[in-house]
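Architecture at a glance
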Amino acid sequence: MLSRLLIALLMLAVPTLVSTPAWAALQPALTVGNYAYDQPPNAGDAPDKGQSGLLAFGQGKLADASITTRAEWFGDGAAKYKVVSIVIDLLRDYPVDQISIVSNAPNRYYGIRAVSVRARAEAEPDYTSIRAQTWYGTASPLPDDVPLNNTLTVNMGNRTTRLIIIRIARLHEYQHMALNEISVHPGTGEPAQDPAPPLSADRLRAEIAKPVKQIPRSGMVDVGNYLAGVTPDDGVPDSSGGVVPFLYSTLFNRDRTDYVGWRGSASAPKTVSLVFDLLADHPLDTIRLFSRAPNQYWSFDEITVTYRAEADTTYKIARIERRDRADTDYTLEISMAGKKARFVRLQLTRTNQYLHIPLSEIEFVQGSGEVGQDPAPPYDEQAMREELTAYTRLADQYGQYLYQDWPGKLTSDAQLNSEREQEWEHLRSVVLDPGKYDTYGGLKALGKQPSDGYFRLRKIDGKWWFVTPDGYPFLLKGVDSVSHDEWGYGTLYKEPDGSLRDVFESVPDHDRYAAAYSTTDDGEVLSFVKANLMRKYQGDWKAVWRQVTGKRLIDWGFNGLSKWARDSGVRLPYIDQLPAPADAVRVKWAIDPFDPGFGAKLDRKIEEIGVAGRSTDPWLIGYFFDNERGWDAEVVKEILLNKGTLPAKGAFVDYMADAYGQDLARVNSILGTNASTFDALAGIPIDVGRLPAQDMTGFIRLASKTYYTAIRTAIRTKDPNHLFLGSALVPTWRTSFDWNVGGIDQLDAVSFDVYSDSADYLNEYANLDKPVLNLEYSFSTADRGLRAINAATLSETIAQRGAKYRSFIEAQAGSPVFVGSGWFVYYDQAVTGRPGDGESFNFGLLNQQDQPYTEMTDIMRDTNTSLELVHKYGTSLLTAEMVADSISRLGRVDAHDPVVPLPHVPEAFSLEIASTTRADVVTLDGTVRPSSAKTLVTLVLKVARKSDGSTASTRPLSLWVPKAFKNKDKK
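For clarity, every value in this text was computed on a predicted model and none was experimentally measured.

What the protein chain contains, in helices and strands, is 18 helices and 40 strands. Counting only C-alpha atoms, the protein chain reaches 120 × 85 × 60 Å along its principal axes. Sorting the 971 residues of the protein chain into buried and exposed places 55% on the buried side. Taking all contacts inside the protein chain whose residues are at least 6 apart in sequence as the whole, residues at least 24 apart take part in 73%. As displayed, the protein chain has an accessible area near 39,900 Å², and 49% of this comes from carbon and sulfur atoms. Of note, the protein chain has its 105 positive side-chain charges centred 4 Å away from the centre of its 123 negative side-chain charges.

Quick look at the pairing of strand β8 (residues 149–169) now. Taken together, the 17 bridges between strand β5 (residues 83–104) and β8 define a ladder with antiparallel strand orientation. Paired with Val102 across the two strands is Thr151, which belongs to β8. Direction of pairing for strand β6 (residues 114–120) relative to β8: antiparallel, over a ladder of seven bridges. What sits directly across from Ser116, in β8, is Arg167.

Turning next to the packing of aromatic side chains. Aromatic rings in a pair are described by how distant their centres are and how their planes are angled relative to each other. As enumerated under the stated definition, the model contains 52 aromatic pairs in all. Aromatic pair Tyr440 and Trp619: ring centres 4.5 Å apart, planes at 55°, arrangement tilted. Here Trp619 lies in the loop between α7 (598–608) and β32 (620–625) and Tyr440 lies in the loop between α4 (413–427) and β21 (456–460), a separation of 179 residues in the sequence. Each of the two residues, Tyr440 as well as Trp619, counts as buried.

Attention shifts here to the sheet that holds strand β2 (residues 43–44). Across the sheet, three strands lie side by side as β2-β4-β9; this open sheet has antiparallel pairing. Of all the strands in the sheet, the pair left with one neighbour each is β2 and β9 (177–179). Relative to strand β4 (residues 71–73), β2 runs antiparallel, the two sharing two bridges. Its bridge partner being in β4, Gly44 is matched across the sheet by Ala71.

What follows covers the environment of Met656. Turning to its location among the elements, Met656 is positioned in helix α9 (residues 647–659). Taking the C-alpha atoms as reference points, Met656 and Phe699, separated by 43 residues in sequence, lie 8.6 Å from one another. In contact with Met656, not counting residues within four places along its chain, are Val667, Leu671, Leu691 and Asp695.

Mapped onto the elements, Arg945 comes out in strand β38 (residues 935–945). Sequence-wise, Arg945 and Phe909 are 36 residues apart; in three dimensions their C-alpha atoms are separated by 4.5 Å. When near neighbours in sequence (up to four residues on either side) are disregarded, Arg945 contacts Leu878, Thr879, Ala880, Ala908, Phe909 and Ser950. A distance of 2.6 Å separates polar atoms of two side chains, one belonging to Arg945 and the other to Asp948.

Scoring rules and cut-offs
- Residues numbered from 1 in each chain as written.
- Predicted model: local features only at pLDDT ≥ 70, side-chain atom pairs only at ≥ 80, totals over all residues.
- Heavy atoms only, no water.
- Helix = DSSP H or I, 4+ residues; strand = E, 2+ residues; numbered from the N terminus.
- Buried < 20%, exposed > 50% of the residue type's maximum accessible area, 1.4 Å probe, protein only.
- Contact = heavy atoms within 4.5 Å.
- Areas by Shrake-Rupley, 256 points an atom, 1.4 Å probe, with all protein chains shown as cover.
- Lys, Arg positive; Asp, Glu negative; His and termini not counted.
- Charge placed at Lys NZ, Arg CZ, Asp CG, Glu CD.
- Pairing = 2+ DSSP bridges.
- Phe/Tyr/Trp six-rings, centres within 6.5 Å; stacked < 30°, edge-to-face > 60°.
- Polar contact = N/O pair within 3.5 Å; in protein donor to acceptor, adjacent residues only side chain to side chain.

Written out as structure tokens, the structure is:
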């Protein structure tokens, strides 16, 4: 050992490399001991450089009392390790007061991101974690304000110790690390006598794998167990699975730089759940969760935290929070305000199942109050797994989320009744403007087209439109599932064994609200929507609901019922579904159209569902068949592996024979087979990887044409009058472009379901000049206990849902092939999850309490007012001339309200009367005065764009004023 005087002289001689050691005034460091590396230094001073054996104190550079010598680990990308462990053997137990670690970086390309210290006495089986923290290398190169000379002092508190493990970690493989000195300072007391012999280098390195426990902290719940429902891939010892004690867990090791991780894959679950047993009821002040992601591919999208006291039977929600993936160093702090919990659960959800989930650290901070007495014993693995699926109390008697308040949250039946009256005051005068629209919602200003009494598709001035039975252009502005009988709005209230699903504060009385309960294929279902409608509209509630719903949709600018369940009492144009025959031959999710019996099966199904009875309904726009099921390479792969019993396999062989001129040898060569005949080839499994891309395309397109030809033929036998609108496909899921276009000649329009904020999917179909529908889309918030379906459609507020609607629908309408869409859906799904799959999305125009999202529907109303103009002109940047040109008629004067019925214009514009031929009958402010006879007045209106003041005049508009009318105050 060097004397303190020599150290002082060295400090004067080399001031730029040396900092004053924190241990200068302590007991002298131990001079007897050994150490070994698990990753030998690849730079620095000998003998440590390249040393994989044992080094004695005084011999090695880390314990030579000199902070001018060092061991170094150069980073070059070739050495993939980021962590280095140094294992120290003091040769016997010592009471240790302090450990000092010195790292003096030669330049700013050095640094140590994190350091940890663990220790154990000779007789102890496990290590105890003493310190784990970030250090001075968390950025590379080091910023100018970060010192190059660094000393870390670790207080050991006179802990008896023989073996010490110091782990250092770098930010990335290119960062260099340097250690100058590790000094161990004894405390008070005598060292142990008769120790075991010194450990070899290999034995020392084996110590690294031994379990490490933590020292419980005052004010923290550090003693307990947890179980992950899915065993982690990363994080020792947690990755071993089973019940993990807090004291040994990576999640409780005080080191936020490491993590327990669940890696993503095609088969990975989207949700990972964990349950924590605190062993007794604890009043909690705060729960803190830390997730440090190594890179952008590690994250999760949503976290739900629930808890329960030991005596409770259900969990309560502490927090639901979305995570921004860009935040790689994520912290969530949840105030518990003294709530008692023995069990806490986490649900980590990734919407992209290829995303990796990291969880770095968890802290349970105790609040004031007593810890529960006489708790039940710690839960074993089976009991913990049962906790993962235990219920969470979610909804009140109206189906509302229990853990949040918001303006308008329902508190009583009286509030429902008051809202009914207030809304009706607005809706009572709402009708479809007969001056602007025909009976079916066709826009009169666009001019009348040839018609035959049914909806048709026609290209007008380079743009595709529907044309109504009355002959006017029509752009579908539809809403899906406009029906109180849609049980997808419901939720399971009983388990298969008949027990109550304990997620409700209370449920509607079963006898009084019997219509709100049903038995479906998914089980015993309750619809809070129905119960709330019965409370709100009372008596003949269905009839009142139909009247209100029809007026709402007109008021918000919608003109059709576009998909799924519909109420026939809401009189609007609609699209109907033709379900696939249950006995159709399936390949994975898809149908095999080469089945010789496919046509007959279609005929039976179309007969069964009564298509012929709808064939003369002018309100029916057309049909879509099945839903979201096409062919892609996965389907073809399954077909090719078949041994010949599948009709599609035979069709594939026929396709290949035709494609290659019946040249069996060539086909065998391409597919890597040795079939003696084409018939034999059908019985041989084929590797889809051998199939040329052009044949994948050709076969899928052939299948699509075969499929849609059969369906169109079957429909036409019973209904020759209505349109065939495809299969409502998701362009990027369970289908392919080849399938989408292969049978396109058999379709009147292509229909999709596109949950996105981008209308770019339309571009490739514009080139095909085929009308396109988007029959499902939506924008939603993660709020009030509900979720958003994906990141592209996520909105921060209700108003932003409307803003995203405007942007998306106008972008779609700008395409010449776009002919309409369907908003999914009328009502939100249940907070407690819909039957079958548990979806609980904020999709609705209204919540389940029949309350419209007015901040959104106000924007929708304004957007829908001008959507046909956006389609006509191919732009959302409308001018005053465009708006003025769209006004070709005025409606009738209402005898109850004698003012000129001015048409609606977008909010960006204003409208006023510019001139009147009879100012004595109709004044410029729009007042209509009594006349002695029915009078024709001609008006010209002025449209002004508010942003720039530009104006335009309408064509002269005729208005008939009746001979007399009642006082507007009379009802």
